[in-house]
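Chain and residue survey
Residues per chain are reported as follows:
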Amino acid sequence: MPLVERLFWRGQIGIGKVMVPNPAILAPMSGITDAPFRRLAAALGAGLVVSEMTASAALAQGAPEARLRAEGKGLRMHVVQLAGCEPRCPARQVTGRQSGSALMRDLDHALTLIEATVGAVSVPVTLKMRLGWDDRSINAPELAHRAQAAGVRLITVHGRTRSQFYDGRADWAAVRAVKERIAIPVVVNGDIATYADAVTALAASGADAVMIGRAARGRPWLPGQIGRYLASGTRETPPPLSAQFALVHRLYDEMLSHHGLAMGRRHARKHLGWALDAAAETAGAPDALLKANRVRVLTADDPTAVRRHLAEAYANFASIAAANGASAWSQTTRQTYRGGERKAA
Ligand SMILES: Cc1cc2nc3c(=O)[nH]c(=O)nc-3n(C[C@H](O)[C@H](O)[C@H](O)COP(=O)(O)O)c2cc1C
């Protein structure tokens with residue numbers, strides 16, 4: 001195994017008594033990481049998956065939408081992200097907690113919420129934060145230190161300030177100051193899309209694991225592949241188109257049954273678009289073909305028509321892949337992910 005791979009894997013990560021099998025975590029993304037997507041990413045090997053942000057008050061009141069967001073059915077291990085601004089008791093099944101990044105302007109208040117959560121649940125509590133509010137107030141190390149003292153068991157840091165929003169590149173090296181202040185596991189997050197990104201982010205930050213958000217859209221297999229790579233050095237290519245088709249088909253069906261037909265169709269549409277983007281990339285399909293298939297799939301309303309157009313789209317991409325020299329539906333592409341190794345080189 002190459003040296004870098006041995007250097008960056010430190011064995012299993014413990015969140016309190018809960019062991020995480022590999023160091024790649026699917027990020028919480030509102031409107032994206034719903035229960036069907038989390039189940040798929042977990043089934044494909046993500047070390048851990050995190051729910052969409054859920055309002056703690058709504059969850060405590062049993063609001064149906066909040067319960068749907070926090071659903072852990074079919075998941076062996078599950079983190080529910082709570083957001084709230086009052087230190088009231090959260091529901092007992094909750095295993096994670098995060099604060100909106102506005103709380104980075106008021107650490108005392110953040111601590112009251114953290115202490116209330118830790119005191120209310122018997123499961124390990126985790127915290128996700130940015131580096132600080134802006135570059136004049138980088139207080140993630142202080143917040144992490146105080147959160148650890150309050151009983152938090154794992155901390156994730158997105159290497160940007162709140163004021164940056166998504167501008168610039170995530171500063172993985174800045175996460176090292178958090179790692180050096182605390183003894184509990186640290187997860188580095190922001191702009192991690194390839195094997196090389198994961199290795200570089202871990203090296204720069206000294207963190208124990210990576211969290212992957214936007215790069216997993218349309219690629220539910222990505223956290224699992226990166227996790228296996230970090231754990232064992234296995235470098236996999238994206239799944240063949242036939243497998244990608246089966247995955248998107250399953251996601252679509254699960255979204256319709258999870259959200260109900262009307263909402264499910266709406267939720268699923270953006271996932272279908274991202275899945276088609278990923279498939280076109282795997283096949284090396286030209287933009288015009290992607291665009292034509294996207295329009296057909298995304299403008300269809302009736303699920304039967306959507307499934308038919310999806311099947312046609314993947315068959316079209318498979319023909320391109322075959323013409324490009326691979327054996328269509330069972331091809332294994334040598335391609336790396338978008339921006340892949342070129343970006344990291
Ligand atoms: C559409 C979208 C929704 C998000 N929703 C949440 C959320 O509910 N809670 C949270 O802590 N972070 C949320 N994030 C931030 C991500 O978890 C992650 O920190 C950020 O996208 C950086 O990681 P990435 O570069 O891998 O995407 C969201 C990001 C996106 C793009």
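Residues numbered from 1 in each chain as written. Predicted model: local features only at pLDDT ≥ 70, side-chain atom pairs only at ≥ 80, totals over all residues. Heavy atoms only, no water.

1. As for the packing of helix α8 (residues 195–205) against helix α9 (residues 222–232)
Stated formally: Fitting a line to C-alpha atoms yields each axis, with helices limited to the stretch in contact; the angle taken between N-to-C directions then spans 0 to 180 degrees. Elements are defined by DSSP. Helices are runs of H or I of four residues or more, strands are runs of E of two residues or more, and each kind is numbered from the N terminus. In what follows, roughly perpendicular refers to angles from 65 to 115 degrees, roughly parallel to angles under 35, roughly antiparallel to angles over 145, and oblique to any angle outside these ranges. Crossings are classed by handedness, with left-handed meaning an anticlockwise turn of the near helix from the far one by less than a right angle and right-handed meaning a clockwise turn. Pairs of residues are marked as contacts when any of their non-hydrogen atoms sit within 4.5 Å. Each residue gets one label: Ala, Val, Leu, Ile, Met, Phe, Trp, Tyr, Cys and Pro are nonpolar, Asp, Glu, Lys and Arg are charged, and the others, such as Gly, are polar.
At a minimum axis distance of 10 Å, the contact between α8 and α9 shows a crossing angle of 55°. By the criterion of interaxial angle, the relationship of α8 to α9 is oblique. Viewed along their axes, α8 and α9 form a crossing whose handedness is right-handed. Here α8 contributes Y195, A198, V199 and L202 to the contact with α9, which in turn contributes Q225, I226, Y229 and L230. Here the contact of α8 with α9 is built from residues that sort into seven nonpolar, one polar and no charged.

2. Looking at the site of the ligand
The cut-off we apply is this: Being near a molecule or strand, for a residue, means having at least one of its heavy atoms within 4 Å of it. We call two N or O atoms a polar contact when they sit within 3.5 Å, provided that within protein one can donate a hydrogen and the other can accept it, with sequence-adjacent residues counted only if both atoms are side-chain atoms. Exposure was quantified through the Shrake-Rupley algorithm and a 1.4 Å probe, taking into account, for residues, occlusion by the shown protein chains and nothing else.
Lining the immediate environment of the ligand, one finds 16 residues, of which P28, Q81, N189, D191 and R214 sit closest. Interatomic distance of 3.4 Å between a backbone N/O atom of M53 and an oxygen atom of the ligand. With respect to the ligand, the backbone of G213 contributes an N or O atom lying 2.8 Å from an oxygen atom. For the ligand, the accessible surface in isolation is 610 Å², of which the surrounding protein chains cover 84%. Among the residues making up the shell around the ligand, the classes are represented as seven nonpolar, six polar and three charged.

3. Here's the deal with the nonpolar core
Heads up, the condition is: To qualify as a nonpolar core, a set must consist of buried Ala, Val, Leu, Ile, Met, Phe, Trp, Tyr and Cys residues joined through side-chain atoms within 4.5 Å. Relative accessible area decides the class of each residue, using a 1.4 Å probe on protein chains only: under 20% of the type maximum gives buried, over 50% gives exposed, and in between gives partly exposed.
Judged by nonpolar contacts, the single largest core of 83 residues is most densely connected at I155, V210 and F317. With residues near it in sequence (within four places) discarded, F317 still touches L241, L276, A279, A280, A283, A285, L289, L290 and N293. Grouped together as the second largest cluster of nonpolar side chains are 13 residues, I13, I15, V79 and L154 included.

4. Things to note about unusual backbone geometry
Positive phi, close to 55°, is recorded for F165, a residue that is not glycine. With respect to the helices and strands, the residue F165 is situated in the loop between β7 (154–158) and α7 (176–181). F165 sits in the exposed class, given a relative accessible area of 52%. Phi angles above zero are rare outside glycine, and D191 is one such case at about 65°. Note on D191: relative accessible area 15%, which makes it buried.

5. Some points on the confidence of the model for the chain
Cut-off, in case you're wondering: Each residue carries a pLDDT value, the predictor's own confidence for that position, ranging from 0 to 100.
Model confidence for the chain is summarised by a mean pLDDT of 88, while 87% of its residues fall at 70 or above. Across residues 1–7 the pLDDT falls below 50, and counting only partners more than four positions away or on other chains, this stretch makes seven contacts in the model.

6. What about the pattern of salt bridges?
Quick reminder of the rule: For salt bridges, the criterion is a side-chain nitrogen of Lys or Arg within 4 Å of an Asp or Glu carboxyl oxygen.
Taken as a whole and judged by the stated rule, the model has 17 salt bridges. For D277, the salt bridge identified is with R294, shortest N-O distance 2.9 Å. Highlighted residues: D277 in helix α11 (residues 261–283) and R294 in helix α12 (residues 287–299), separated in sequence by 17 residues. On the basis of relative accessibility, which here comes to 18%, the residue D277 falls in the buried class. On the accessibility criterion, R294 (25% relative accessible area) is partly exposed. Beyond isolated ion pairs, a larger network of salt bridges with shared partners links R39, E71, R250 and E254.

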